[in-house]
Amino acid sequence: MEPEAPAPPASAEVVNSIRERTIAENSMVVLLQGLQGEVTTVDLRNECTARGRVLNVDAFMNVRLEDVLYRDRQGRRTQLQDLFITGRNVRYVHIPDHVDIMETVQNQLAKIHRVRNFASEGGGRKEFSKKTK
Amino acid sequence: MRTEYYFRHGAGGNFSHDSLLRSCVAVSNMEERERVSETDRKETASNPELERDADPNVEEEGEDAETLDVCSEHFNPLRALYAPAAPPLPFPNIKCFNNVSDYESFLKGGRGRAKPENVEKKRRKAMKGVADPERIERLKKLMVNNPVAESEEGESSSSSQPRRRRKQKPLRNVLTRMPLCKGSPLGELYRCVQERIRVKVHIRTFKGLRGVCSGFVVAFDKFWNLAMVDVDETYREPLLGEAIYHEKALTVSRLFEKLRLQEDPGAAEVGEKQEKAGEPKETPEDRSDRPAESRGGGRTAEPGQSESAADKRDEGNVSQARRKYGKVHTRHINQLFVRGENVILINPQPL
């Protein structure tokens, strides 16, 4: 297998489901979604830790990590290509020092706002107006 | 050219054209009337004007052209039918009917009648895949960053109103919901956020207390998910197996006591007395489901008990684990996100 080129820093994509967008928008999951692309450590409920690059976080805090160093309770280290963690099993997520929490949250909220209002009236004009002016 | 023709033949040959006219077999009334009027005109013509000359001349000399011309007044259909060549039609692709009644029914709007709207529909269908330049222009005008100024004004005036209406609707997201909690325990937490009060967050394990995170809350939500900074975490990993039943439930005070004991084993007896005093202190924001908060009871052997129990179990474990097992740990984390599910309670630290 050829070595893959380094992945782009942030996928910067908002979930397509309206339901998930609304759930995420009204909770702190947006902070984690803003961390997509960063290398972080996730502490699990079972006292294990997983350190890797965050690929994707959804509204239910399910986390996908890549290139993971997984450390179990005993401290044994395992290298994993891809790891999916159920939202409920997350206890902590370490936020990198260079990340500004408020700024990340606001950026992510702005992205959701933009996507939500993309095709609605006013922000996006309609080709044929529904009512006579 | 026509008039020239008429004038050229104006001099002679009158009689021959007249006879030709008369020799027509079936003549319509209109034709007769015309002939009559034409003879009248001939008689009354004193000052031959261009038009007057043209009229009789047309009848006499220009007959061929006009009688066979479908558009002209003097069209002679019978003559046209017997003519050697078909008369030239002004519209080559004209619709052909078999009889007059066909034409009548077509006019009344029979099946397949080309009404204007149908024609338009058919045309649009045929042009479906083709890019319509008019539509492209319309879409360009709708584009937001389009330099087309005049059309934008029209659009923006109509769309600014709905935009204003939309903005009136309140914006609701996680950040705006934080101050809304005033009057509830979360509102108290919001006060801690605003006033940068250091808080202690009790973290749970599957059964009981895991540890305490001391730090500043930057943001939170209704699930008690917290974004914290400058966190000092004091915790103990949960014991496995039998030890859970034997050990007294871990409390905050005991946790710190253990920590102290770890650091300084000599302070055992002094610590116990302090624990007794420290127990009754209960936090006002108690949303806890703190299990088995035992106050009092024999504590003399407690620290020793847990440690010995831990030691026994450690025999089979990896050396690294044995070193850390059952021990209280501290660590500092600059920025931490805590899932609300793991929070037992939050204790704003006294000023």
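Scroll up for the structure.
Predicted model only: the values in this text are computed from it and were never measured.

Thresholds, definitions, all that
Residues numbered from 1 in each chain as written. Chains lettered and ligands numbered in written order. Predicted model: local features only at pLDDT ≥ 70, side-chain atom pairs only at ≥ 80, totals over all residues. Heavy atoms only, no water. Helix = DSSP H or I, 4+ residues; strand = E, 2+ residues; numbered from the N terminus. Buried < 20%, exposed > 50% of the residue type's maximum accessible area, 1.4 Å probe, protein only. Contact = heavy atoms within 4.5 Å. Buried area = accessible area lost by both parts, 1.4 Å probe. Salt bridge = Lys/Arg side-chain N within 4 Å of Asp/Glu carboxyl O. Polar contact = N/O pair within 3.5 Å; in protein donor to acceptor, adjacent residues only side chain to side chain. 1 Å grid on protein atoms, 1.4 Å probe; cavity = no way out; pocket = protein on both sides within 12 Å on 5 of 7 lines; lining within 4 Å. Points joined across faces, edges and corners; volume = space filled by probe spheres on them. Nonpolar A, V, L, I, M, F, W, Y, C, P; charged D, E, K, R; others polar. Phe/Tyr/Trp six-rings, centres within 6.5 Å; stacked < 30°, edge-to-face > 60°. Patch = residues over 30% accessible without salt bridge, like charges linked within 9 Å, V, L, I, M, F, W, Y side chains within 5 Å. Areas by Shrake-Rupley, 256 points an atom, 1.4 Å probe, with all protein chains shown as cover. Pairing = 2+ DSSP bridges. Axes fitted to C-alpha atoms, helices over the stretch in contact; angles between N-to-C directions.

A. Quick look at unusual backbone geometry. The residue A:E47 is not glycine, and still its phi comes out positive at about 65°. Structurally, A:E47 is set in the loop between β1 (39-44) and β2 (49-57). A relative accessible area of 8% means that A:E47 is categorised as buried. One non-glycine residue, B:W224, adopts positive backbone phi at about 70°. The residue B:W224 is located in the loop between β2 (209-220) and β3 (226-236) in this model. Residue classification places B:W224 among the buried residues on the basis of a relative accessible area of 10%.

B. The arrangement of the interface of chain B and chain A in detail. On the chain A side, the residues contacting the 49 residues of chain B number 41 residues. Summed over both partners, the interface of chain B with chain A comes to about 3900 Å²; 53% of that surface belongs to carbon and sulfur atoms. Sorting the residues of chain B by area buried against chain A places B:Q335, B:F337 and B:R339 first, and these three jointly supply 19% of that buried surface. At the surface where chain B touches chain A, the tally comes to 4 salt bridges. B:R331 is paired through a salt bridge with A:D43; the nearest N and O atoms lie 2.8 Å apart. The tally of links between chain B and chain A comes to 18 residue pairs in polar contact (both at pLDDT 80 or more). Broken down by secondary-structure element, the contributors of at least two residues to the side of chain B that touches chain A are α9 (133-142), α10 (149-168), α11 (174-177), β1 (198-204), β2, β3 and β4 (328-338) of chain B.

C. Representation of empty space enclosed by the protein in the model. Residue and element names in this part refer to chain A. A full pass over the atoms with the stated rule returns 2 cavities of 30 Å³ or more. There is about 40 Å³ of room inside the largest cavity. For the largest cavity, the full set of lining residues is L32, L35, V42, V54, V57, V63 and V93. Looking at side-chain class alone, the lining of the largest cavity contains 7 nonpolar, no polar and no charged residues.

D. Up close: the packing of aromatic side chains. With the rule as written, the count across this model stands at 3 aromatic pairs over all chains. An aromatic cluster is present here, built from B:F97, B:Y103 and B:F106 joined pairwise through their rings.

E. The arrangement of a nonpolar patch on the surface in detail. Residue and element names in this part refer to chain B. A cluster of nonpolar side chains, V70, L89, F91 and I94, forms an exposed patch at the surface whose accessible area comes to about 390 Å². Among the secondary structure elements, I94 is positioned in the loop between α6 (77-82) and α7 (100-108). The exposed category is assigned to I94, whose relative accessible area is 51%.

F. Region of the structure containing the sheet that holds strand β4 (residues 77-85) of chain A. Pairing is antiparallel in the open sheet, where 10 strands are placed in the order β4(A)-β3(A)-β2(A)-β1(A)-β5(A)-β4(B)-β3(B)-β2(B)-β1(B)-β5(B). The outermost strands of the open sheet, each flanked by one partner alone, are β4 of chain A together with β5 (343-348) of chain B. The mean inter-strand angle of the sheet, taken between neighbouring strand axes irrespective of direction, is 30°. The strands touched by helix α3 (residues 101-116) of chain A within the sheet are β2, β3 and β4 of chain B, with β3(B) carrying the most contacts at an inclination of about 125°. On top of the sheet, helix α12 (residues 185-194) of chain B reaches β1, β2, β3 and β5 of chain B; it is set at about 70° to β2(B), its chief contact.

G. Local environment of the pattern of salt bridges. All names here are of chain B. A full pass over the atoms with the stated rule returns 18 salt bridges over all chains. Residue E120 is joined to R124 by a salt bridge in which the shortest nitrogen-to-oxygen separation is 3.9 Å. Taken together, the residues E120 and R124, both in helix α8 (residues 116-126) and 4 residues apart, mark about one turn of the helix. For E120, a relative accessible area of 29% corresponds to the partly exposed category.

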